[in-house]
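If you want the building blocks of each chain, they are given just below.
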Amino acid sequence: MKLCGLFLLAAWLPAQTLDTCRQSYRRGNLEDATRCYQALSSSRDPYLRAEASWALDRYQDANEAFKEALKAQPKNPDYRVRMGRLYLYHEQKQDAVDLFGEALELKEDHAGALTGLALAASGGFDSAAVKIAEKALAADPKLVEPRVLLASIALEDNNPQKAAEEADKALRVDPQSLEALSIKATIDLLDDKPDTPYLASILKLDPAYGEAYQTAGRFFVLNRRYEEGIALYRKALELNPRLYEARAELGLNLMRLGHDEEAKQHLEACYKAGNTYPSVGNPLRLMDSYKNFRYIKRGNIVLKLHEKEADLLEPYVEAELQRAVATYEKKYKFRLDRPVQLEVYPDHEDFAVRILGMPGMPALGVTFVNVVAMDSPTSRKPGEYNWASTLWHELSHVYTLAATRQRMPRWFTEGVAVYEETAASPEWGDRLSPHVILAIRDKKLLPVAELDRGFVHPSYPDQVVVSYYQAGRVCTFIERKWGFGKLLEMTHAFGELKTTDVVIREQLGLAPEAFDKQFLAWVEAETKVTVEGFESWKKGMQRIAELVKKEQYDDVIREAPAIRDLYADYVEDGNLYVVLADAWLAKGDKKSAAAELERYARAGGKNPDSLKLLARLFEEQGRPKDAIQALSRINYIYPRDEELHRRLGDLLLTAGDAQGAVREFRALVAMKPLDQAASYFNLARAYRSAGQREAAMEQVLLSLEAAPSYRPAQKLLLDLSQ
Ligand SMILES: [Zn+2]
């Protein structure tokens, strides 16, 4: 990539020699090219030294030489552009963007600077890249690079037709454009045509052009076809071992699939060669931190939990994962050919490195073939995150992607995953958010055949969130109208690499446009009350806030329900369920308060304090079963809570669920609470109740070790000894 960038600027290269090096490289004579660049690297011209050093992977030298060149010719925009490209390669995006901006100040519409800006934008999946690339082409229609970028962006959007058109335009300008040919080859490879003629053409022009496979590898990874992507990166390196970008990508993707040893070897090789940028350094640091994780193997599942919370989380996470595996095996009529690995990260930064560089980052969980990585419940504020919902979402990806050998458009696998969250529990899954309400109101939902675009290149803030919602509703709509079996049939049709257009026509017997019409009518009817009532709801919320401030609870109780029902999905801060419950409590009506909080929980409310209050009200009303249910919800949201486990353990023990009580008191012990004697004692009680005398004995002794004079434990010890 970095070397081929030189070709495009050949027109203004000042000396023959750079051209000579370039030709050797392009003909695949890597040794000649290296010798040529080495000779050039001691040139008196700092610009030539900069280019040669860069080509030889000597980034520091290249950087210094560029600075010197800029000092000698401060008004030369071309030097700034090339230096910007060096920074872009080295993941110093802001510095690169600044240099391109300076070049544009020196020369308006500098095509190279615009190209650089477009590349910088596209690196972050910014939809602005298209406009900037078009501007670069307007400035110089003969440029190939921005044209190839447009092709690449279209392919990222899963639009191979448009990608091919753009690549063809580039080839009309330069029939030997290796980058454009690489896009054409990638389109074929993605379509399961390994004998693509474009690869042959590329290798005829440059037998060492590993970049062709590197380009393809990137797109396979984007399409979640990680294993094939890895194989392509290996081919790239066979042709040219010095393609460090490809090597870094190979390392990252090996890490994603849990092949840590080999991942390390590749990333360390990159690092040693001076490629010290974040996407090389961060994964290495992350893998270093793996020593702090505990691997737990149980049959066909592997848990990877951080030592500091493994004892607490293991029982909950394992039970939920087993339950989801059993459910999906039945539902998808499919058994995985390998174990599922679930990794839980308490530090969100680690998780971010684990998933590095993915578009439309869901930010809570991610799936790499059979490996699921997700945020730990403890990494977020209590009430923000339902980890179990995310687990079911990600595991659904494992199944749908395995069933299709990873051949599935993004929108459909996401749509099914979102659908599965609420199928697992109607209380789970994302609720209708204000962004989605506005998108529906302003008719911003995408046609189903273009839905992938909303995930990869959002054109307005929060379009990713809106696209998740829409994909989920599309799948729900299909399930309601044609049954779940239809979703399965569509899954298999996508597995045959049929496009969305074809699958909708064949499976649903509708043109995509007709489907869109039916779907929109359905979704608009479903959300009508909220979308049309949204402005009134906002005003109503203000009015209720004023009433609460003035403590006019009768008015709150009279007016709030109608406003609450305008936007029943709103369960975030200031929601009217909790406001109403508080008002009822102020009036001394605990029964109505409980009813309101139960409504809140059923609507998807996740605030642990509100759920605990609900449990207490149920207890006071002699409804222990409901209290247990209320508290059990919190285990899916924020299990790092001593009070939760203590209360739930007590309730379960009283209700005769000894195993449940053991689970809760074990969680309490795992949290190492201050009152150790009491928590061991409680666990002992639960074990005794479950008929596990020895385990009970062990806990009693631990209790007495913590507090030898603790009377309840002494008494229990006596009981157990008899
Ligand atoms: Zn997902």
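Residues numbered from 1 in each chain as written. Predicted model: local features only at pLDDT ≥ 70, side-chain atom pairs only at ≥ 80, totals over all residues. Heavy atoms only, no water.

Participant: Break down the overall build of the protein chain for me, citing the residues and quoting the values.
Facilitator: Counting its secondary structure elements, the protein chain contains 38 helices and five strands. Across its three principal directions, the C-alpha atoms of the protein chain cover 95 × 60 × 50 Å. In the protein chain, which comprises 722 residues, the proportion classed as buried is 56%. Excluding contacts between residues fewer than 6 apart, the proportion of contacts in the protein chain whose partners are at least 24 apart in sequence is 58%. Per element, the accessible surface of the protein chain, about 31,100 Å² overall, is 50% carbon and sulfur. (Helix = DSSP H or I, 4+ residues; strand = E, 2+ residues; numbered from the N terminus. Buried < 20%, exposed > 50% of the residue type's maximum accessible area, 1.4 Å probe, protein only. Contact = heavy atoms within 4.5 Å. Areas by Shrake-Rupley, 256 points an atom, 1.4 Å probe, with all protein chains shown as cover.)

Participant: Help me get a handle on the packing of aromatic side chains, residues and values and all.
Facilitator: Within the structure shown, the criterion is met by 34 aromatic pairs. A centroid spacing of 6.0 Å and a plane angle of 80 degrees characterise the contact between Y89 and Y277, whose relative ring orientation is edge-to-face. Separated by 188 residues along the polypeptide, Y89 in helix α6 (residues 77-89) and Y277 in the loop between α17 (260-272) and α18 (278-289) bring together distant segments of the chain. Here Y89 and Y277 have matching classes, each one buried. Here F534 and W537 contribute two aromatic rings whose centre-to-centre distance is 5.9 Å and whose plane-to-plane angle is 10 degrees, an arrangement assigned as stacked. (Phe/Tyr/Trp six-rings, centres within 6.5 Å; stacked < 30°, edge-to-face > 60°.)

Participant: Residues and numbers for helix α7 (residues 93-106), please.
Facilitator: For α7, built from 14 residues, the straight-helix expectation of 20 Å at 1.5 Å per residue is met to within 8% by its first-to-last C-alpha distance of 20 Å. Buried residues of α7: A96, L99, F100 and A103, and no others. The buried residues of α7 all sit within an arc of 100 degrees when viewed along its axis, so they share a single face. Residues of α7 that are exposed and angled more than 90 degrees away from the buried face: Q94 and E105. Residues of α7 that are buried in the fold lie against α5 (59-72), α6 and α8 (111-123). (Expected span 1.5 Å × (residues − 1). Arc of directions from axis to C-beta.)

Participant: Describe the pattern of salt bridges, with residues and values.
Facilitator: Pairing is possible between side chains of opposite charge, provided their charged atoms come close. The full count for this structure, using the stated rule, is 64 salt bridges. Between K184 and D168 there is a salt bridge, with the nearest N and O atoms lying 2.8 Å from each other. Taken as a pair, K184 in helix α12 (residues 178-190) and D168 in helix α11 (residues 160-173) lie far apart in primary sequence, 16 residues in all. Each member of the salt-bridge network shares a partner with another, and the members are K612, R616, E619, D641, E643 and R647. (Salt bridge = Lys/Arg side-chain N within 4 Å of Asp/Glu carboxyl O.)

Participant: Please set out the state of the cysteines residue by residue, giving values where relevant.
Facilitator: Applying the stated rule across the entire model yields one disulfide. In this model C21 forms its disulfide with C36; the gap between the sulfur atoms is 2.0 Å. Between C21 and C36 the disulfide shows an S-S torsion of about -80 degrees. By sign, it is left-handed. You can see C21 sitting in helix α2 (residues 16-26) and its partner C36 sitting in helix α3 (residues 30-40), a full 15 residues away along the chain. Just as C21 is buried, C36 falls in that class too. (Disulfide = S-S within 2.5 Å.)

Participant: Explain the pairing of strand β5 (residues 371-375) residue by residue, including any values.
Facilitator: Along any regular strand the residues' side chains alternate between the sheet's two faces. With five of five residues buried, β5 lies mostly within the body of the structure. With five bridges connecting them, strand β3 (residues 340-345) and β5 associate as parallel partners. Following the sheet pairing, V344 is matched in β5 by M374. The pairing of strand β4 (residues 365-368) with β5 spans four bridges and is classified as antiparallel. Looking at β5, one finds that F368 is bridged to V371. Joining the antiparallel neighbours β4 and β5 is a turn of two residues, in which V369 adopts a positive phi near 55 degrees. (Pairing = 2+ DSSP bridges.)

Participant: So what's going on with the coordination of the zinc ion? Residues and values would help.
Facilitator: Note on metal sites: the ideal angle is 109.5 degrees for four tetrahedral donors, and 90 or 180 degrees for six octahedral donors. The coordination sphere of the zinc ion, as far as protein atoms go, consists of H393 (NE2), H397 (NE2), E414 (OE) and E414 (OE), spread over 2.1 to 2.8 Å. Its four donor atoms give the zinc ion angles of 51 to 146 degrees at the centre, a pattern that matches the irregular case. Donor residues for the zinc ion sit on one chain with the sequence pattern H-x3-H-x16-E. Placement of the pair is H397 in helix α21 (residues 387-403) and E414 in helix α22 (residues 410-424), with a sequence separation of 17 residues. Overall, the relative accessible area of 1% leaves H397 in the buried class. (Donors = N, O, S within 2.8 Å, 3.2 Å for Na, K, Ca; no water. Tetrahedral: all angles 85-135°; square planar, octahedral: opposite > 155°, others 65-115°.)

Participant: Could you give an account of the confidence of the model for the protein chain, with specific residues and numbers?
Facilitator: Summary statistics for the protein chain give a mean pLDDT of 93 and a share of 97% for residues scoring 70 or more. This stretch, residues 1-15, has a pLDDT under 50; its non-local contacts, to residues over four places away or in other chains, come to 34 contacts. (pLDDT = per-residue confidence, 0-100.)

Participant: Go over the sheet that holds β3 with me, naming the residues and quoting the values.
Facilitator: Across a sheet, paired strands are connected by hydrogen bonds in the backbone, their directions being either parallel or antiparallel. Taking strand neighbours across the sheet as the criterion, the five strands line up as β1-β2-β3-β5-β4 in an open arrangement whose pairing is mixed. Sheet topology places β1 (293-298) and β4 at the edges, where each strand pairs with a single neighbour. Neighbour-to-neighbour, the strand axes of the sheet open up by a mean angle of 15 degrees, direction not taken into account. In this sheet, strand β2 (residues 301-306) lies alongside β1 in antiparallel orientation, the contact comprising six bridges. Residue pairing in the sheet places K297 in a bridge with V302 of β2. (Axes fitted to C-alpha atoms, helices over the stretch in contact; angles between N-to-C directions.)

Participant: Please provide a residue-by-residue account of unusual backbone geometry, values included.
Facilitator: Backbone geometry at D57 places phi at a positive 65 degrees, although glycine is not the residue there. Tracing the backbone shows D57 in the loop between α4 (46-55) and α5.

Participant: Go over helix α28 (residues 512-549), please, and point to the residues and values.
Facilitator: An ideal rise of 1.5 Å per residue puts 56 Å on 38 residues; α28 measures up with 51 Å between its terminal C-alpha atoms. Directly beyond the C-terminal end of α28, a positive phi value near 55 degrees is found at E551.

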